[in-house]
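# Examining the three-dimensional arrangement
For reference, the chains in residue letters:
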Amino acid sequence: MKGTQGKKWLHLCLSVTVSCVVLFGASRSFGALPALADTLNPVQGVFTAADHTVAQTKTLQVTGLQSPVRIKLEADGTPHIRAERARDAWLAIGYLQAEERLFQMDMMRRQGRGLLAEVLGPDGLESDIFQRQLGLTQTAEAEWQNLTEDSEDYEMLTAFSQGVNAVIEEKKADHELPLMFHMLGYEPQPWTPQDSLVLKGVMTQMLSLSITPVYYSILAERMGEERVQEFFPVLPVSEQHPYAKGPYAKAELDPMPISAAQVLNQGVVAERQSESQPVAQAAGGQEEPDTANLLPKGLAAAGLDLLDRLNDLPSYAIHRDSNSNGWVVAGSKTVSGQPILAGDPHLGLSLPTIWFPMDVEAPGLHYQGVAIPGLPLVMIGRNDQVAWTITNGQNPQTFYYRERMDEEHPDQYFYKGAWRSLDLRTESIPVKGQEAEQVVVKSSIHGPIVTRAGVTLALDWIGAIPSHSLHTLLELVKAQDHQEFRTALKQWQAPSLNFVYADRQGAIGIIGAGMYPVFAAGKPWMPLDGTGGEDIVGAIPFELWPQADGSDGDFLGSANQLQVESDYPYYMGTTWYFDPGQRINRITEELAKPGKVTPEQMGALQNDVQDDLAGQLVPRLLQALQGRSLNETEQQVVAELSNWDQRMTVDSTGATMWWVFWDHYLHATFDPWWEKYDIPFKEHDDLAVQPAQPSLTQNLLHWTLDDPSNANFSNPITGETRTADQVMVTAFREAVQQLTDELGPQTDKWTWDRWHVREIPALTGIPTLGYGPKGAGGDLFTLNVAGVTHAVHGPSWRMVIDWGDDSMIATYPGGQSENPLSPWYQNRLEEWWNGQYRPFVKGAAVSGSDGVTWTLNPDSQEKEKE
């Protein structure tokens, strides 16, 4: 921001000699500046309360505006934008977001475009190479070229960019760019409409780019496909409470391209023509592929090579966690008599947060909710008639193809009976402190080649196919009823999301929106054959997408469970993708209780720390321990677990005892098998036995309750035959011993906050700018998700909307500003931590004395044009 605060901050930073070494990888954020971190405490002490004061009114002239815009900022920083024209609203949003989040926006576009090394040095190069292979820049350019100048999307993105650039120009002229630009020694380039489309791609990547088929390929080589399916089955063995009930029909598939590469490199029509004009037709007709390089051993080598590459990427570059709770309650079950919608998306937590709350009003527009900085539209929120939240569909949108290549056909691959040339694109990647890196991106019809060893794998990611998803968001914020909302979603492609909605007329529902490919043959959870017989042949039509309208009950819920029942006729993913089911169990249990609900109760449910898995397994553990010879400490643990309420509160000792037992129980059951098959879990954490593995959680719960003599309880290394009871007793003793060793012999000191912490790191990786680690309630299976022992993932936004009184309450872990010295840096964090909410009021309800008012006026040149 302009003023004394910014000038003091800049002056101090320029006067301090700092040697900044960017560490890219340890924190897996954009980077860390340890030397700066060492200076932060004394730096903060220099500033006084006066430096944090924000002027009550501010009038600015902004290039590009056509009419004045009023921005009312509440005391907590929440903005309410009022414009006389929609175009001016888009511009004001760009101006406001850049004012508060310019560095975050710039780093996100650098991540998407593959330009991190330009400012971070060689440590950012591997990420840049991978992003260039994904081609988000090419996708964004194609989407931009598909817009006409008279379209609303074109006007929106152009105006938004003008707003961002107005801030960049002002801050450069006043020498007041945010601190991190000075620390990294660069200035941001002008913002373009394509940059916003790249950011849309980054969010899609974070929510849908998967490497699960790679995991399956590695495991299949080591333990065989039959064993893999036993441990990681396609269909779940536990109750999933799907919201889309059968019976299901089949219908003609919608057309879709084989891949983004087919669209961006050759073009769909051109590629279909080229099939009759191969590069080199084999003698005697179609050549049978040589499968020598498709053996599982080579496949696993390729998978491990790819995992090695991905270890050097930011954590959000690959989708790993299941994300979010969302539910809606019909008016028949609410105190107000109108629907209540509740949503809390679970993402990686950071300061500043990924979300930018805002309330926007202009002719033909009035919406409020949270946007991604860099985009003018909200992903979650409401307008005057419709409200919605989202959860991750978890459905596969990333596939891998084994391309047949050999030394006799350099830069070619065998496809549909002929050798065809790879598409080659040379990328020049600037690297700070050294010459630019020249990288050749090679792509087959299925996508970019992403492996450097073993079998050649091409990555086919639906998220890179040019789409109309930004226009879909525009149609959602303007939708006036259930039907318009559904119609808007027909164009949604990626990521696959469950849109949970409710409207003022009383309609409720969920639609699992996305582009769901159907294959000619093969096993999509494994790398597919790239010679042509296992290509995508179409997409599931909209009418058969998972969806429900509330006609079967008083509520609907989504918590990343499989949306459909086992007889759904299309492939929707494996148990590796979906939540094991504890969160949806808890939602269903609570909403099925008699009585009517209030928004406050829904907020309390979002903060619920009841562990459904513990509720099912602790009684079984206590049964297994009956009659056993236990020492004094073990007896105390049994007594505590017998009286425990299965709530993962910070002061609970039962919570700690349960969790450490569960961790040991998983390892005691599966570790011998991992040892037998030599799974490389030490090198790759995602292959390890761990509580976060949904397939193993489902299996162990099912075997314990329904099949306690399952052969997988036995030890394949020693040959010992074991049952669930025997393994549980062993795990229990090991857990008690570990807790005694690490927390001491007094069991009343084994509180959950001593074992389990949550941290909200700074986006820069600078520890002093983050929050925590701090003892926290919740765990991996509670609605208030808090990961494992050190959680950095959880509810990034909580929202409850009641159409009865038109109210919306919300909270989030952070603040509006990325400036650590702003009063809006983390001012909302403590209330979020404590489960508290604030009303998200409409602009007309904001008191004139309770906040800050900005007036944005057209500059003199714009006035002359008018």
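Please read these numbers as outputs of a predicted model, since none were measured by experiment.

### A short note on the pairing of strand E11 (residues 386-392)
With 7 of 7 residues buried, E11 lies mostly within the body of the structure. Alternating positions in E11 separate into two faces, Val 386, Trp 388, Ile 390 and Asn 392 on one and Ala 387, Thr 389 and Thr 391 on the other, with burial throughout. Taken together, the 2 bridges between strand E10 (residues 378-383) and E11 define a ladder with antiparallel strand orientation. Bridged to Arg 382 within E11 is Ala 387. Linkage of E10 to E11, two consecutive antiparallel strands, is achieved through a turn of 2 residues. Sheet analysis places E11 next to strand E19 (residues 497-503), joined by 7 bridges and oriented antiparallel.

### Side note on the packing of helix H7 (residues 152-173) against helix H15 (residues 469-478)
Remark: H7 packs on H15, axes separated minimally by 10 Å, with the N-to-C direction vectors making an angle of 95°. As the angle between them shows, H7 and H15 are arranged roughly perpendicular. Contacts between H7 and H15 involve Glu 152, Asp 153, Met 156 and Leu 157 from the former and Leu 470, His 471, Leu 474 and Lys 478 from the latter. Residues that form the contact of H7 with H15 fall into these classes: 4 nonpolar, 1 polar and 3 charged.

### Focus: the confidence of the model for the protein chain
Looking at the protein chain as a whole, its pLDDT mean stands at 89, while 88% of the residues score no less than 70. Contacts for the low-pLDDT stretch residues 1-53, under 50 throughout, to residues beyond four places or in other chains number 106 contacts. Segment residues 268-296: pLDDT under 50, and 44 contacts once partners within four positions in sequence are set aside and those in other chains are kept.

### Let's talk about the sheet that holds strand E28 (residues 790-791)
Two strands in a sheet stick together by hydrogen bonds in their backbones, pointing the same way (parallel) or opposite ways (antiparallel). Read across the open sheet, the 3 strands follow the order E27-E26-E28; overall the sheet is mixed. The strands lining the two open edges of the sheet, one partner per strand, are strand E27 (771-775) and E28. In terms of strand pairing, strand E26 (residues 757-760) meets E27 through 3 bridges, oriented antiparallel. The residue bridging Val 757 from the neighbouring strand is Gly 775, located in E27.

### Description of the sheet that holds strand E12 (residues 398-403)
Spatially, 3 strands are ordered E18-E12-E22 in an open sheet, and the strand pairing comes out mixed. Of all strands in the sheet, those bounded by a partner on one side alone are strand E18 (456-461) and strand E22 (528-529). Pairing geometry for E12 and E22, over 2 bridges, is parallel. Bridging across to E22, Arg 402 finds its partner in Asp 529.

### A short note on unusual backbone geometry
Cis peptide bonds are those with omega within 30 degrees of zero, and the linkage from Leu 351 to Pro 352 qualifies with 0°. The peptide bond linking Ala 494 to Pro 495 adopts the cis configuration, its omega dihedral lying at -5°. Counting through the fold element by element, Pro 495 comes out in the loop between helix H16 (482-489) and E19. The phi angle at Lys 416 is positive, at roughly 50°, despite the residue not being glycine. Along the polypeptide, Lys 416 turns up in the loop between strand E13 (412-415) and strand E14 (418-421). According to the relative accessible area criterion, Lys 416 is partly exposed, its value standing at 36%. Residues other than glycine seldom take positive phi values, yet Asn 560 does so here, at roughly 65°. Here Asn 560 is to be found in the loop between strand E25 (555-558) and helix H17 (582-591). Asn 560 sits in the buried class, given a relative accessible area of 0%.

### Remarks on the pattern of salt bridges
All chains considered together, the criterion is met by 35 salt bridges. With its nearest N and O atoms 2.9 Å apart, the salt bridge here joins Glu 118 to Arg 110. One connected set of salt bridges, linked through shared partners, spans Asp 106, Arg 109, Arg 110, Arg 113, Glu 118 and Asp 195.

### Brief notes about the side chain of Thr 204
By the secondary structure assignment, Thr 204 is in helix H9 (residues 193-208). Residue classification places Thr 204 among the buried positions, given a relative accessible area of 5%. At 2.9 Å, the side chain of Thr 204 forms a polar contact with the backbone oxygen of Lys 200. Not counting the four nearest positions on each side in its chain, Thr 204 is found in contact with Leu 209, Trp 461, Gly 463, Ala 494 and Pro 495.

### Here's the deal with the packing of aromatic side chains
Taken as a whole and judged by the stated rule, the model has 39 aromatic pairs. Geometrically, the ring pair formed by Tyr 215 and Trp 576 is stacked, given 5.0 Å between the ring centres and 15° between the ring planes. Taken as a pair, Tyr 215 in helix H10 (residues 212-223) and Trp 576 in the loop between E25 and H17 lie far apart in primary sequence, 361 residues in all. Since its relative accessible area comes to 4%, Tyr 215 is described here as buried. Directly above the ring of Phe 414 sits Arg 404, whose terminal nitrogen or CZ lies 5.0 Å from the centroid. Taking NZ or CZ as reference, Lys 676 lies 5.6 Å from the ring centre of Tyr 677, over its face.

### Some thoughts on helix H3 (residues 86-113)
Across its 28 residues, H3 extends only 29 Å between first and last C-alpha, which sits more than 12% below the 40 Å expected from 1.5 Å per residue. Along its length, H3 shows its largest kink, about 95°, at Arg 101. The element H3 is extensively covered by neighbouring structure, given that 28 of its 28 residues are classed as buried. Just beyond H3, the residue with positive phi is Gly 114, at close to 75°.

### Points about the environment of Gly 509
Following the sequence through the fold, Gly 509 ends up in strand E20 (residues 508-513). Other than its neighbours up to four places away in sequence, Gly 509 contacts Val 328, Phe 499, Val 500, Tyr 501, Ala 548, Asp 549 and Leu 556.

### Some details on the side chain of Asn 560
One polar contact links the side chain of Asn 560 to the main-chain carbonyl oxygen of Asn 392, over a distance of 3.0 Å. For Asn 560, the contacting residues outside a window of four places in its chain are Ser 322, Asn 323, Ser 324, Thr 391, Asn 392, Gln 394, Phe 578, Asp 579 and Arg 583.

### Remarks on a negative patch on the surface
On the surface, Asp 123, Asp 308, Asp 312 and Glu 683 cluster together to form a negatively charged patch. For Glu 683, the location among the structural elements is in the loop between helix H21 (653-676) and helix H22 (694-706). Of the residues examined, Glu 683 reaches a relative accessible area of 52% and is grouped as exposed.

What counts and what doesn't
Every chain's residues receive numbers from 1 upward, in the order its sequence appears when written. The predicted origin of the model limits local features to residues at a pLDDT of at least 70 and limits the giving and counting of side-chain atom pairs to 80 or more, whereas totals for whole chains, interfaces and linings rest on all residues. Only heavy atoms go into the side-chain values, all of them from the structure, while hydrogens and water stay out. Partly exposed residues are those whose accessible area sits between 20% and 50% of the maximum for their type, while under 20% is buried and over 50% is exposed, using a 1.4 Å probe and protein chains only. Put simply, DSSP marks the helices as runs of H or I at least four residues long and the strands as runs of E at least two long, and each gets a number from the N terminus on. Being paired, for any two strands, means DSSP has found at least two bridges between them. An axis is simply a line fitted to the C-alpha atoms; with a helix, the fit covers only the stretch in contact. Between two such axes, the angle follows the N-to-C directions and lies from 0 to 180 degrees. Throughout this description, any angle smaller than 35 degrees is read as roughly parallel, any larger than 145 degrees as roughly antiparallel, any in the 65 to 115 degree range as roughly perpendicular, and the remainder as oblique. Whether two residues are in contact is decided by their heavy atoms, any of which lying within 4.5 Å being enough. Residue classes follow a fixed rule: Ala, Val, Leu, Ile, Met, Phe, Trp, Tyr, Cys and Pro count as nonpolar, while Asp, Glu, Lys and Arg count as charged, and any other residue, Gly among them, counts as polar. pLDDT expresses, on a scale from 0 to 100, how confident the predictor is about each individual residue. By definition, a salt bridge exists where a carboxyl oxygen of Asp or Glu is found within 4 Å of a side-chain nitrogen of Lys or Arg. Nitrogen and oxygen atoms within 3.5 Å of one another constitute a polar contact, given that in protein one can donate a hydrogen and the other can accept it, and given that sequence-neighbouring residues count only through two side-chain atoms. Stacked, tilted and edge-to-face are the three classes applied to pairs of Phe, Tyr and Trp rings, where Trp contributes its six-membered ring and a pair requires centres within 6.5 Å; stacked means planes under 30 degrees apart, edge-to-face means over 60, and tilted covers the rest. Two conditions define a charge located above a ring, namely a distance within 6 Å from the ring centre to NZ of Lys or CZ of Arg, and an angle within 35 degrees of the ring normal. What a helix is expected to span follows from its residue count: subtract one and scale by 1.5 Å. To get the bend at a residue, fit one axis to the 7 residues ending there and another to the 7 starting there, then take the angle between the axes. Each patch is built from residues lacking any salt bridge and having more than 30% relative accessible area; the joining distance is 9 Å for like charges and 5 Å for nonpolar side chains (Val, Leu, Ile, Met, Phe, Trp, Tyr). Areas reported here follow the Shrake-Rupley algorithm with a probe of radius 1.4 Å; residue values treat only the protein chains shown as occluding. When charges are counted, Lys and Arg are positive and Asp and Glu negative, with His and the chain ends excluded. To locate a charge, take atom NZ for lysine, CZ for arginine, CG for aspartate or CD for glutamate.

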